[in-house]
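Each chain, written out:
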Amino acid sequence: MSGEPSDDELEKLRQEKMEQLRDQAEGGGDDEARQAAQEQAEAQRKAVLRQHLTDGARKRLNTVKMSKPDIAEQVEQQIVALAQSGRLGGEQIDEDQMRDLLKQLTPDSKSFNIRHR
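First things first, this report covers the structure right here in the doc. Just so it is clear, the structure is predicted and the values come from calculations on it, not from any experiment.

**Regarding the overall build of the chain**
Of the regular secondary structure elements, the chain holds five helices and zero strands. The order of α-helices and β-strands along the chain, N terminus first, is α-α-α-α-α. Across the 117 residues that make up the chain, the buried fraction comes to 16%. Counting contacts in the chain only where the partners sit at least 6 residues apart, residues at least 24 apart contribute 70% of the total.

Encoded structure:
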């Protein structure tokens, strides 16, 4: 033997490698692709927010994110949607506008009725 694999051995190795690649593409490859797409979407969302929010608005949003992450997520989605539709133009959202957005999305938790019988 010269140490070099024969054509049959090479073909067998190629077949095994193709099966491994097919298994990865069907199973594990989807998870990796999905995760990469999520990471890319998250990076794009952060870039849009960085572009359209002033420093004060970004700080206020981060503060809200600590206490009420679901509300902060809604605000972020709304800002990204406005930016993508072109309704923001070249404008940036300042802290006062951010406060107004938060008021619109936050339910009025201070209003309640107490009935005495």
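**A closer look at helix 3 (residues 55–67)**
Look at helix 3: 19 Å from first C-alpha to last across 13 residues, which is about the 18 Å you get at 1.5 Å a residue. Of all the residues in helix 3, the buried ones are A57, L61 and V64. Looking straight down helix 3, one finds that the buried residues subtend no more than 60° of arc, so they occupy a single side. Exposed side chains of helix 3 directed beyond 90 degrees from the buried face belong to D55, K59, T63, M66 and S67. Looking at the buried positions of helix 3, the neighbouring elements they touch are helix 4 (69–85) and helix 5 (95–105).

**A few points about the packing of helix 3 against helix 4**
It is the contact of helix 3 with helix 4, at a shortest axis distance of 6 Å, that shows an interaxial angle of 140°. For the element pair helix 3 / helix 4, the angle class is oblique. On helix 4, the residues touching L61, V64, K65 and S67 of helix 3 are P69, I71, A72, V75 and E76. Among the residues making up the contact of helix 3 with helix 4, the classes are represented as six nonpolar, one polar and two charged.

**Observations regarding helix 4**
Between the first and last C-alpha of helix 4 there are 24 Å, a value that for 17 residues agrees with the 24 Å anticipated at 1.5 Å per step. Of all the positions in helix 4, only I71, A72, V75, E76, I79 and V80 are classed as buried. Positioned one or two residues after helix 4, G86 has a phi angle of 85°, which is positive.

**Some thoughts on the pattern of salt bridges**
For side chains bearing opposite charge, pairing can occur when the charged atoms are close. The final tally for this structure, using the stated rule, is seven salt bridges. Across the pair R45 and E76 runs a salt bridge whose closest N-O atoms are separated by 2.9 Å. Of this pair, R45 sits in helix 2 (residues 28–52) while E76 sits in helix 4, and the two are 31 residues apart along the sequence. Residue R45 is classed as buried on the basis of its relative accessible area of 17%. The closest approach of N and O atoms between R58 and D55, which form a salt bridge, is 3.1 Å. Placement of both R58 and D55 in helix 3 is noted, with a separation of three residues, approximately one turn of the helix.

**Let's talk about the nonpolar core**
In this structure, L53, L61, V75, I79, I93, M98 and L102 are the most contacted members of the largest nonpolar core, which totals 16 residues. When residues of this core are traced back to their parent elements, those giving at least two are helix 2, helix 3, helix 4 and helix 5.

**What about the side chain of R45?**
Within the local environment of R45, its side chain forms a polar contact with the side chain of E73, the two groups lying 2.8 Å apart. Each residue touching R45, except ones within four places of it in the same chain, is listed here: E73, E76 and V80.

Rules used throughout
Residues numbered from 1 in each chain as written. Predicted model: local features only at pLDDT ≥ 70, side-chain atom pairs only at ≥ 80, totals over all residues. Heavy atoms only, no water. Helix = DSSP H or I, 4+ residues; strand = E, 2+ residues; numbered from the N terminus. Buried < 20%, exposed > 50% of the residue type's maximum accessible area, 1.4 Å probe, protein only. Contact = heavy atoms within 4.5 Å. Expected span 1.5 Å × (residues − 1). Arc of directions from axis to C-beta. Axes fitted to C-alpha atoms, helices over the stretch in contact; angles between N-to-C directions. Parallel < 35°, antiparallel > 145°, perpendicular 65-115°, else oblique. Nonpolar A, V, L, I, M, F, W, Y, C, P; charged D, E, K, R; others polar. Salt bridge = Lys/Arg side-chain N within 4 Å of Asp/Glu carboxyl O. Core = buried A, V, L, I, M, F, W, Y, C linked by side-chain atoms within 4.5 Å. Polar contact = N/O pair within 3.5 Å; in protein donor to acceptor, adjacent residues only side chain to side chain.

None of the figures reported here should be taken as evidence of function without further support.
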